[in-house]
Amino acid sequence: MRHRRTGAAALTIATLALAGCGADSSANTSAKPELKVTGAYMPAPSMDSMAAGFFIVTNSGSADTLTSVTSDLSDDITLHSTKDGTMEEEKSFTVPADGTLDFASGGNHLMFEKLTHRPKQGEKVSVALHFAKSGTVKISMPVQSATYNPKTGH
Ligand code: CU
């Protein structure tokens, strides 16, 4: 969340600076988003009614928006943020220009409900991320232990 806030603030300042000196503010909008998805994983769910998913989107181009997520594992996948420990459903997430969108434990996450089966550790779940400008990005989300921590790798 800290990343998003920093990105949004930087973008606002850049826009103001451009407007201030009369430069063509559309200059940056002709660039395309350049997205890369890394660090995807799903903690092994303890039941078949619900699972979470995490990943990082790195953007080296212009801003894009994550609008929806689909997978064979579930017809009911929603985007959630966490504010003060409370989850909130979000319609979309901005991927800032030259920035990152983090989905991490305790923060933003995907929520898969009514699973077609309960994925086990070692399995890979195919997930399609749908972006407003970049279209569909398919990723393979490895199922890790229920207590997996990407920082330690355990
Ligand atoms: Cu949630």
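Report follows, based on the coordinates. (Residues numbered from 1 in each chain as written. Predicted model: local features only at pLDDT ≥ 70, side-chain atom pairs only at ≥ 80, totals over all residues. Heavy atoms only, no water.)

**Structural notes on the overall build of the chain**
For the chain, the count of helices and strands is one helix and ten strands. Secondary structure elements of the chain occur, N-terminal to C-terminal, as α-β-β-β-β-β-β-β-β-β-β. Taken across its 154 residues, the chain has 34% of its residues classed as buried. Contacts spanning at least 24 positions in sequence make up 69% of the contacts within the chain whose residues lie at least 6 apart. (Helix = DSSP H or I, 4+ residues; strand = E, 2+ residues; numbered from the N terminus. Buried < 20%, exposed > 50% of the residue type's maximum accessible area, 1.4 Å probe, protein only. Contact = heavy atoms within 4.5 Å.)

**Description of the pairing of strand 9 (residues 124-131)**
Burial analysis of strand 9 places six of its eight residues in the buried class, the great majority of the element. As judged from the five bridges shared by strand 3 (residues 64-71) and strand 9, these two strands associate in the antiparallel manner. Bridge pairing in strand 9 links Ser68 to His130. Relative to strand 10 (residues 135-144), strand 9 runs antiparallel, the two sharing eight bridges. Residue pairing for strand 10: Ala128 is matched across the bridge by Lys138. (Pairing = 2+ DSSP bridges.)

**Some points on the pattern of salt bridges**
Throughout the structure, instances matching the rule amount to three salt bridges. Between Asp76 and Lys114 there is a salt bridge, with the nearest N and O atoms lying 3.2 Å from each other. In this pair, Asp76 sits in strand 4 (residues 76-83) while Lys114 sits in the loop between strand 8 (109-113) and strand 9, placing the two residues 38 residues apart along the sequence. Residue Asp76 is classed as partly exposed on the basis of its relative accessible area, which comes to 22%. Between Lys83 and Glu90 there is a salt bridge, with its nearest N and O atoms 3.2 Å apart. When salt bridges that share partners are traced, they join Lys83, Glu88 and Glu90 into one network. (Salt bridge = Lys/Arg side-chain N within 4 Å of Asp/Glu carboxyl O.)

**Here we look at the coordination of the copper ion**
Taken together, His80 (ND1), Met87 (SD) and His109 (NE2) make up the full set of protein donors to the copper ion, lying 2.1 to 2.2 Å away. Sequence positions of the residues that donate to the copper ion give the spacing H-x6-M-x21-H. Owing to a relative accessible area of 8%, His80 belongs among the buried residues under this scheme. (Donors = N, O, S within 2.8 Å, 3.2 Å for Na, K, Ca; no water.)

**Description of the environment of Asp98**
Inspection of the secondary structure puts Asp98 in the loop between strand 6 (93-95) and strand 7 (100-103). Classification of Asp98 as exposed rests on a relative accessible area of 62%. The sequence separation of Asp98 and Leu35 amounts to 63 residues, and the corresponding C-alpha distance is 9.5 Å. Ignoring sequence-local partners within four residues, the contact set of Asp98 consists of Asn59, Ser60 and Gly61.

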